[in-house]
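Survey of secondary and tertiary structure
Each chain, letter by letter, is given below.
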Amino acid sequence: MTDLQSLNVIRISASDANPPQLRQNVEVAKLIDVTRCIGCKACQSACMEWNDYRPPVGYFNGTYTNPHDLSHDQFTLMRFDEWVNDEGDLEWLIRKDGCMHCTDPGCLKACPAPGAIVQYSNGIVDFIEENCIGCGYCVKGCPFNIPRYSPVDKRAYKCTLCSDRVSYGLEPACIKACPTGALLFGSKADMTDVANGRVEELRGQRGFPNAGLYDPPGVGGTHVMYVLHHADKPEIYSNLPKDPHISWLVQVWKGAYKPLAVAAMGLAIVGSFIHAVIYGPNEVDPHDVEAGRRMVDRRSRGVIPPRPPEPPPVSHVKPEEPVK
Amino acid sequence: MRPPPGTVLRYPPFSRFNHWVTAVCMVLLVMSGLAFFYPWLYWLTVFFGGGQMARATHPWIGVVLFISYAIMVVRFFRHNLPHRDDLRWLRALGHVASGREELVPEVGRYNPGQKFVYWANAFLILILLVTGIIIWDWYFYNWTTIEQKRVAVLIHSIAAFFTILVLILHVYSAIWVRGTMPAMTRGYVPVGWVYRHHRKWLRQEAELAAQGKPSAIAGAPAVRTDPR
């Protein structure tokens, strides 16, 4: 079980236990303003630094995106895209990819290991690796394709939103490193206000009429939000989903199917007992024994040696006590 | 172990071994599978050495189960083919369930209920193998997309659910029909049991014995030990 001592946990994977509701923290959010991002990857470096992971050196694949994908030792990644807009101009779209810290986390819903994924009252969704069994269900639950399975220790990893730093009142490492103010961290309400101001500016003065805040309601909102110049087309930012939801396959698998299945299996067992009580055992009676022997003897006359003598029938009636 | 006279050989040692390997695998898979499916059964993972070990062993046990059951499928194939008389038996299903077998048509080596268990498991275990490989991320993560894995994991759990229902039917039938268990423990069953439940089979075997051919009748000069 995860550390409930913090009293900040509001949801626990694969657990029917009531998490402590004592402390209700302010919901936090990371705001990623892609319109201010210069793609310097300082956030990537800071993430490596703070979380102390060192992915192996890869190879150049023709883009600035390096390494090529998130991994168990790459919690955040600058994704670079070249997009030709309606005027035929090239736009360089850079998105910092990583866990969105959904209000309704698909990973937590899918996880079968008690306490391997928790959600804190400040909104951060955290993997507790010591409880992780490495099944990969979180990968199937996530609508953003974020968790990564480690081939090294067979556990899943993703961005923690520096929950260790945040719990001590520090901002996440990536925020600390950002030189342009593209990354901001604070309460979700404040971040929404800041984002709305920036969106107004982008729409009114900067010539991006479709600018907007990406805080998808399909997953109950997220605790990592984007300001996008083209919020009507999030998919142009390296396939950011337009309307993310937990897949209906996962919803069925982890939803109504479970109680239905246990009810049906329970009914099958209870039904067996009821059947046994009503009809009793299906026993071989003496007629079957005699007829069976006759069938074998008649058909195989002389072939099968005679049966050994019958043991005397066991009497279940006790001899009566002599009357005194 | 030589079957005593007055009994009929039902399963030679290899069939019994084959059956119990399959059975043990099935029980272990149901235990670890349910542990992954129901949080309130997660404690079942302790029998495997914890969650990581349960996750790691579940697919391998599944492979053993598949191979073991595939051998059973091949060896018992001929006797589980549908027969014209099976329809008559199915029409008398009510009498079967109430145990009034005198009203039920004679049955050969397997009744249609047993054939159902055979075919249902053959079908379900194949589905479980295919979907299981798709979600065996340790080896096959890169073979499929995440969306395909979502489909596979849902089908895997549904197939497992039906497999458990078939298992309950199988185990309950073996308990309810008294005298059945020795077929899989000692390998032979009393003549009376065969007469009651598999009369057509008994007649065939007695006929073979009468002709001096190898039969399942214990005590006859030639006893057949293959699964037929």
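Residues numbered from 1 in each chain as written. Chains lettered and ligands numbered in written order. Predicted model: local features only at pLDDT ≥ 70, side-chain atom pairs only at ≥ 80, totals over all residues. Heavy atoms only, no water.

Notes on the overall build of chain A
The helix and strand tally for chain A stands at nine helices and eleven strands. Relative to its full complement of 324 residues, chain A shows a buried share of 49%. Pairs at least 24 residues apart make up 59% of the contacts formed inside chain A by residues separated by at least 6 positions. For chain A, the exposed surface amounts to about 16700 Å²; the carbon and sulfur share of it is 56%. (Helix = DSSP H or I, 4+ residues; strand = E, 2+ residues; numbered from the N terminus. Buried < 20%, exposed > 50% of the residue type's maximum accessible area, 1.4 Å probe, protein only. Contact = heavy atoms within 4.5 Å. Areas by Shrake-Rupley, 256 points an atom, 1.4 Å probe, with all protein chains shown as cover.)

Here's the deal with the packing of aromatic side chains
Tallied over the full model, the rule gives 27 aromatic pairs over all chains. A centroid spacing of 4.8 Å and a plane angle of 80 degrees characterise the contact between Phe37 of chain B and Tyr38 of chain B, whose relative ring orientation is edge-to-face. On the basis of relative accessible area, Phe37 of chain B is assigned to the buried category, the value being 9%. Here the aromatic rings of Phe76 of chain B and Tyr110 of chain B are separated by 6.4 Å at their centres, their planes lie at 65 degrees, and the arrangement is edge-to-face. With a gap of 34 residues between them, Phe76 of chain B in the loop between α2 (51–75) and α3 (84–91) and Tyr110 of chain B in the loop between α4 (93–98) and α5 (112–134) connect regions that are remote in the sequence. Taken as a pair, Phe76 of chain B and Tyr110 of chain B share a single burial class, namely buried. Joined through ring pairs, the aromatic side chains of Tyr149 of chain A together with Trp60, Trp136, Trp138, Tyr139, Phe140 and Trp143 of chain B make up one cluster. A cation over an aromatic ring shows up here: Arg199 of chain B above the ring of Tyr195 of chain B, its NZ or CZ 4.0 Å from the ring centre. (Phe/Tyr/Trp six-rings, centres within 6.5 Å; stacked < 30°, edge-to-face > 60°. Lys NZ or Arg CZ within 6 Å of the ring centre and 35° of its normal.)

Some points on the sheet that holds strand β6 (residues 125–127) of chain A
Residues and elements named next belong to chain A. Pairing is antiparallel in the open sheet, where three strands are placed in the order β1-β5-β6. Both outer strands of the open sheet, β1 (9–12) and β6, are each paired with one neighbouring strand and no more. Looking at each pair of strands side by side, their axes are set apart by 30 degrees on average, direction ignored. With three bridges connecting them, strand β5 (residues 117–120) and β6 associate as antiparallel partners. Bridge pairing in β6 places Val118 opposite Asp126. (Pairing = 2+ DSSP bridges. Axes fitted to C-alpha atoms, helices over the stretch in contact; angles between N-to-C directions.)

Observations regarding the nonpolar core
As a rule of thumb, soluble globular proteins bury nonpolar side chains together. One finds Ile117 and Trp253 of chain A together with Val8 and Leu202 of chain B to be the most contacted residues of the largest nonpolar core, which totals 76 residues. With nine residues, the single largest contributor to this core is helix α7 (residues 146–176) of chain B. Those residues in contact with Val8 of chain B that lie beyond four places of it in its chain are Gly187, Tyr188, Val189, Val191, Val194, Trp201, Leu202, Ala216, Ile217 and Ala218 of chain B. Val34, Leu70, Cys102 and Ile146 of chain A belong to the second-largest nonpolar core, a separate cluster that totals 44 residues. (Core = buried A, V, L, I, M, F, W, Y, C linked by side-chain atoms within 4.5 Å.)

As for the sheet that holds strand β11 (residues 224–228) of chain A
All names here are of chain A. An order of β9-β2-β11-β10 is seen for the four strands of this open sheet, with the pairing classed as mixed. Of all the strands in the sheet, the pair left with one neighbour each is β9 (183–187) and β10 (212–214). Averaged over all pairs of adjacent strands, the angle between their axes in this sheet comes to 25 degrees, without regard to strand direction. Relative to β9, strand β2 (residues 28–33) runs antiparallel, the two being bridged by five bridges. Paired with Ala29 across the strands is Gly186, a residue of β9. Sheet strands touched by helix α6 (residues 188–204): β2, β9, β10 and β11. Its angle to β9, the strand with the most contacts, is close to 135 degrees.

Some words on the interface of chain B and chain A
Taken together, the contacts link 54 residues of chain B with 61 residues of chain A. Taken over both partners, the interface formed by chain B and chain A buries close to 5100 Å², and the fraction arising from carbon and sulfur atoms is 69%. Seen at the junction of chain B and chain A, the total is three salt bridges. Two residues, Arg196 of chain B and Asp288 of chain A, come together in a salt bridge whose shortest N-O distance is 3.1 Å. Where chain B meets chain A, there are 23 residue pairs in polar contact (both at pLDDT 80 or more). Secondary-structure elements contributing two or more residues to the side of chain B that touches chain A are α1 (13–37), α2, α4, α6 (137–140), α7, α9 (191–197) and α10 (199–210) of chain B. For the side of chain B that touches chain A, the leading source of residues is α7 of chain B, giving 15 residues. (Buried area = accessible area lost by both parts, 1.4 Å probe. Salt bridge = Lys/Arg side-chain N within 4 Å of Asp/Glu carboxyl O. Polar contact = N/O pair within 3.5 Å; in protein donor to acceptor, adjacent residues only side chain to side chain.)

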